[in-house]
Amino acid sequence: MEENRGDGSDLETAEKIILRWDSTTCEEAKENLIFQSGGDRDEVDRYLRAVDELQRHISSISVSDQVKAATSTIQIAMARLEDELRNILISQTSTFEPETLLLDSSLSSSSFASSSRTELDDDYSVTTCDEDEEQQQQQQVDLVLPEGSDSGSRRLSRSRRSNSKSTSSIREIDFVSPEAVSDLRSIVQRMIGAGYSRECLQVYGNVRKTAMETMFKQLGIVRLGIGDVQRLDWEAVEVKIRRWIRAAKVCVRVVFASEKRLCELIFEGTVEETTCFMEIVKGSALQLFNFPEAISISRRSPEKLFKILDLHDALTDLLPDMEEIFDSSSSEAILVQATEIQSRLAEAARGILTEFENAVFREPSVVPVPGGTIHPLTRYVMNYLNLISDYKETLIDLIMTKPCRGLECTNDRNNPDMDISQLEGISPLALHMIWTMVMLQFNLEEKSVHYKDEPLSHIFVMNNVHYIVQKVKSSPELMELIGDKYVRKLTGIFRQAATKYQRATWVRVLNSLRDEGLHVSGSFSSGVSKSALRERFKAFNTMFEEVHRIQSTWLVPDTQLREELRISLSEHLIPAYRSFLGRFRGHIESGRHSENYLKYSVENLETAVLDFFEGYTTAPHLRRSQ
């Protein structure tokens, strides 16, 4: 185009410059841009001065014909600036690199830096309900034992978090180059000054909203309604939660923050500064928070607790940054929505914890586990409590009330109870965890009565309560929450169960080794009734063989506990048998078929004791004395 030699201050010159770039009448104007990379900056300045001159002229004249003519020209100028605004914005939308931001540790240093899946147990899952029952069961959780050993397991995800909290993790990046920002600001100021703020905001908003949608897609944030989320399998939701947490940090701390800064740079000093920002991000923000909102109102089940806590912690971590970004009255609704979702997630977590306690109490399986070993419920509950302890910092803040039941020791065998007076000074969260273990123990006691063999019922209680103690002791976090007092109480319970086992099994066996009834008086007697003695040896052999045959199939999985139990029973059995054998062996050996009565040496018994509680499928052969 030929350069206009005028100084741009004259109205006629200004009009010529503007009309020269009228794309409706000039093909060359249609094919070129005023604001283009590497273009003629002098032409840019001339055009802007021309617009300014025309604006000054309109404000200073009162003759209607002149105003009308000038207004027509300014409309042409505004249409041109509108096109230039759109073109600049579109040309600047390809600089976002989400992969780099998603891996940026500075955006996620406060929490959720890494995540690992931890399997609680293969034998327990959460019951589902028919659609017509779902509404009535929204607030109910049940633990059920699945049919068959190959049932699909439910897994809980655990996020190991650091203890640090972000002060400000906002990281603003340039969506638009500084040179383009200067041009955009020049265009915006003139469009708003000419009364074209609506057209300006429409163009700016449309382009930036499209850019925002593109960035959300790159970050994996897709449009999902609440119903869509709630229809997904929980395992699929878990994956989406992990991705959402990472993406949400980038959305808030980078995308929203940078978009606000861009609006401030371009619309600085205008009333449209906050309006344009909200116009651009409102839809995306609603889309972003639809997902955690759906999780917060979904049907509760124990497996969801830890991912709900992850979401809660993520929102808690983001809220200070959101308060800084959405700090105007027009953006208050977004902040309120995020806060309400955080509150609902907290309530969901509290509800799940309480319902989990009740589910432990209600768990209905009555089929005894073979060999009296650890019940799947015990493993599930203790692994669950162990995971809870990983979230203690969050849950201590969320759990503010004590368990509503069992706070007075009633000694009612038909109901679990807990003497809270012995547990003073511990947090409500710890009381809830202890209460869960109380109900687990009560349920285990109820299950133990289904064993037909009384000693095995005591082994079952001993195994399971010992497992509870060991799980608490093996977790510093759990041990700190629970405290020594309750652990000592549990230790006393499993030791008492071991004592009950020994009494139920060995008192009768050891009674066969007593002296009473063996001695007779008379001139023709040696003082010992051989027939009674033979019956005693025979009775002992029969009872010991039966105990060995049965109890070698029982299982005490903990090596130390198994060894302690063997040592304890050996300390009672072996000395009694050695003494009885030493005192009466000669009386049997002097008679016929002594091998039928003196079947086992002391060493045979010591070896046989090592078979006890090994969980053999078939009892091993019991070696006899040679």
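Residues numbered from 1 in each chain as written. Predicted model: local features only at pLDDT ≥ 70, side-chain atom pairs only at ≥ 80, totals over all residues. Heavy atoms only, no water.

Draft legend 1. Spatial organisation of the overall build of the protein. From N to C terminus, the protein includes 22 helices and four strands. The proportion of buried residues among the 626 residues of the protein is 50%. Here the analysis covers contacts within the protein between residues at least 6 apart in sequence; of these, 81% occur between residues at least 24 apart. By element, 47% of the accessible surface of the protein is carried by carbon and sulfur atoms, the whole surface being about 30,300 Å². (Helix = DSSP H or I, 4+ residues; strand = E, 2+ residues; numbered from the N terminus. Buried < 20%, exposed > 50% of the residue type's maximum accessible area, 1.4 Å probe, protein only. Contact = heavy atoms within 4.5 Å. Areas by Shrake-Rupley, 256 points an atom, 1.4 Å probe, with all protein chains shown as cover.)

Draft legend 2. Structural context of the packing of helix α3 (residues 41-60) against helix α7 (residues 178-193). Relative orientation of the contacting elements α3 and α7 amounts to 15°, with a least axis distance of 11 Å. Regarding the angle of α3 to α7, the classification is roughly parallel. Judged by the sense of rotation from one axis to the other, the crossing of α3 with α7 is left-handed. On α7, the residues that touch R41, L48, V51, D52 and Q55 of α3 are D183, S186, R190 and G193. (Axes fitted to C-alpha atoms, helices over the stretch in contact; angles between N-to-C directions. Parallel < 35°, antiparallel > 145°, perpendicular 65-115°, else oblique. Left-handed = near helix turned anticlockwise from the far one by under 90°.)

Draft legend 3. How the structure looks around the nonpolar core. In terms of nonpolar packing, the biggest core is built from 175 residues, with W244, F256, L288, I388 and M437 touching the most fellow members. Looking at this core, the element that brings in the most residues is helix α10 (residues 234-266), giving 17 residues. Aside from chain neighbours lying at most four places away, what touches M437 is M382, L385, I468, V472, I482, Y486 and L490. (Core = buried A, V, L, I, M, F, W, Y, C linked by side-chain atoms within 4.5 Å.)

Draft legend 4. Region of interest: empty space enclosed by the protein. Throughout the structure, instances matching the rule amount to one cavity of 30 Å³ or more. The volume enclosed by the largest cavity comes to roughly 40 Å³. In terms of lining, the largest cavity is formed by S365, V366, V367, P368, V369, H375, K447, Y451 and F460. Across the lining of the largest cavity, the residue classes break down as six nonpolar, two polar and one charged. (1 Å grid on protein atoms, 1.4 Å probe; cavity = no way out; pocket = protein on both sides within 12 Å on 5 of 7 lines; lining within 4 Å. Points joined across faces, edges and corners; volume = space filled by probe spheres on them. Nonpolar A, V, L, I, M, F, W, Y, C, P; charged D, E, K, R; others polar.)

Draft legend 5. Summary view of α7. Across its 16 residues, α7 extends 22 Å between first and last C-alpha, which sits within 8% of the 22 Å expected from 1.5 Å per residue. Burial in α7 covers these residues: A180, V181, D183, L184, S186, I187, V188, R190, M191 and I192. At the C-terminal side of α7, G195 shows a positive phi close to 85°. (Expected span 1.5 Å × (residues − 1).)

Draft legend 6. Molecular detail of the packing of aromatic side chains. Within this structure, the stated rule accounts for 23 aromatic pairs. Both rings, one in Y204 and one in F267, keep their centres 5.0 Å apart while their planes meet at 85°; by these two values the pair is edge-to-face. Taken together, the positions of Y204 in helix α8 (residues 197-218) and F267 in the loop between α10 and α11 (272-296) put the pair 63 residues apart, joining distant regions of the chain. Across the pair, exposure class does not vary: Y204 and F267 are buried alike. Among the aromatic residues, those joined into a cluster by ring pairs are Y501, W506, F540, F544, Y577, Y600, F612 and F613. (Phe/Tyr/Trp six-rings, centres within 6.5 Å; stacked < 30°, edge-to-face > 60°.)

Draft legend 7. View of the side chain of K260. Structurally, the position occupied by K260 is in helix α10. Once you skip the residues sitting within four places of it in the chain, K260 turns out to touch F277, E324, I325 and D327.

Draft legend 8. Here's a closer look at the pattern of salt bridges. The tally for this structure, following the rule as stated, stands at 31 salt bridges. For R261, the salt bridge goes to E172, with nearest N and O atoms at 3.6 Å. Taken together, the residues span a long stretch of sequence, with R261 in helix α10 and E172 in the loop between β4 (154-158) and α7 at a distance of 89 residues. One continuous salt-bridge network, built from bridges that share partners, spans R20, D40, E43 and R46. (Salt bridge = Lys/Arg side-chain N within 4 Å of Asp/Glu carboxyl O.)

Draft legend 9. The arrangement of the packing of α10 against α11 in detail. Relative to each other, α10 and α11 sit at 170°, their axes nearing to 10 Å. Judged on the interaxial angle alone, α11 and α10 are roughly antiparallel. For the contact of α10 with α11, a count of residues per class yields 19 nonpolar, one polar and five charged.

Draft legend 10. Region of the structure containing helix α22 (residues 602-609). Along α22, the residues classified as buried are V602, N604, L605, A608 and V609. The buried residues of α22 occupy an angular sector of 160° when projected down its axis, which confines them to one face. Elements in contact with the buried residues of α22: α20 (530-551) and α21 (559-589). (Arc of directions from axis to C-beta.)

Draft legend 11. Representation of the environment of I295 within the structure. Relative to the elements of secondary structure, I295 occurs in helix α11. Between the C-alpha atoms of I295 and I308, which are 13 residues apart in sequence, the distance is 7.4 Å.

Draft legend 12. Seen up close, the confidence of the model for the protein. Confidence in the prediction of the protein, expressed as mean pLDDT, is 83, and 81% of residues score 70 or more. In this model residues 121-142 is a low-confidence stretch, pLDDT under 50, and it forms 56 contacts with partners more than four residues away in sequence or in other chains. Across residues 144-167, where pLDDT falls below 50, the model places 77 contacts with residues more than four positions away in sequence or in other chains. (pLDDT = per-residue confidence, 0-100.)

Draft legend 13. Molecular detail of unusual backbone geometry. In the Ramachandran plot, F613 falls in the positive-phi region, its phi being about 65° despite a non-glycine side chain. Looking at the secondary structure, you find F613 in the segment after α22.

Draft legend 14. Structural detail: the environment of G371. In this structure, G371 sits in the loop between α13 (332-362) and α14 (376-390). Sequence separation between G371 and T617 is 246 residues; the distance between their C-alpha atoms is 9.7 Å. Beyond its immediate chain neighbours, meaning those up to four positions away, G371 contacts L456, I459, T553, W554 and L555.

Draft legend 15. Representation of the state of the cysteines within the structure. In total, this model carries zero disulfides according to the counting rule given. We note that C200 lacks a disulfide partner, and the nearest cysteine sulfur, in C276, lies 8.5 Å from it. (Disulfide = S-S within 2.5 Å.)

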